[in-house]
Amino acid sequence: MRVVCPGSFDPVTNGHLDIFTRAAATFDEVTVLVTYNPNKSGLFDAEERMDLIRRSIDALPNGPTNITVDKWDSLLVDYLKKHDIQAMVKGLRSSLDYEYELPMAQMNQRLSGAETYFLLTNPDYGYVSSTLCKEVAKYGGDVSGLMPEPVVEAMRAKFSS
């Protein structure tokens, strides 16, 4: 089965990588889909996010080979239909994530028939978010171990300029 792991990933964290690799161990093909709003500015643009995800996956020891990275700036269900994908995988850190994700999963199912599989986040990364890591890094804090090394380096470069 082919699945999509959608998200903004601005930027990708070790928690995200954990979900990607676990999905890759369960499903035949996994597409990490960078979803973005071209009218909003993030720390990294969509191409930079995609590159950081690829480099982070490539840096994993014995990393999975069934993960691809793509981007999309419209309705997720349109991507699923266009690529004939019937399911998506989302990580849940807490009940707050579940409350946020459930209505979207139900709407996506209604619009496209796509199922959403929820994976519980590894407890080591339950408190890690891209937003929190960006805030820490912006003020010179160390996010090593929370984010892949290519991301840590890219954030240092962004915040030092």
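From a predicted model like this one, the values you see are computed outputs, not experimental measurements.

1. Considerations on helix α5 (residues 130–138)
Every buried residue belonging to α5 is among S130, C133, K134 and A137, and all of these are buried. Relative to the axis of α5, the buried residues are bounded by an arc of 100 degrees and lie together on one face. Taken from the residues just after α5, G140 is the one with a positive phi, measuring 85 degrees.

2. Looking at the UniProt feature "site: Transition state stabilizer" (unreviewed entry) in the protein
Under the local residue numbering, the UniProt record ascribes the feature "site: Transition state stabilizer" (unreviewed entry) to H16. Its place among the elements puts H16 in helix α1 (residues 14–26). Polar side-chain contacts of H16 include one of 2.9 Å to the backbone nitrogen of T13.

3. Comments concerning the pairing of strand β3 (residues 67–72)
When strand β2 (residues 29–35) meets β3, the two strands line up parallel, connected through six bridges. Bridge pairing links V34 to K71 in β3. Handedness of the crossover joining β2 and β3 through helix α2 (residues 46–58): right-handed.

Procedures and definitions
- Residues numbered from 1 in each chain as written.
- Predicted model: local features only at pLDDT ≥ 70, side-chain atom pairs only at ≥ 80, totals over all residues.
- Heavy atoms only, no water.
- Buried < 20%, exposed > 50% of the residue type's maximum accessible area, 1.4 Å probe, protein only.
- Helix = DSSP H or I, 4+ residues; strand = E, 2+ residues; numbered from the N terminus.
- Arc of directions from axis to C-beta.
- UniProt positions renumbered as here; feature names shortened; annotations may be inferred.
- Polar contact = N/O pair within 3.5 Å; in protein donor to acceptor, adjacent residues only side chain to side chain.
- Pairing = 2+ DSSP bridges.
- Right-handed = clockwise from strand over helix to strand, strands pointing away.

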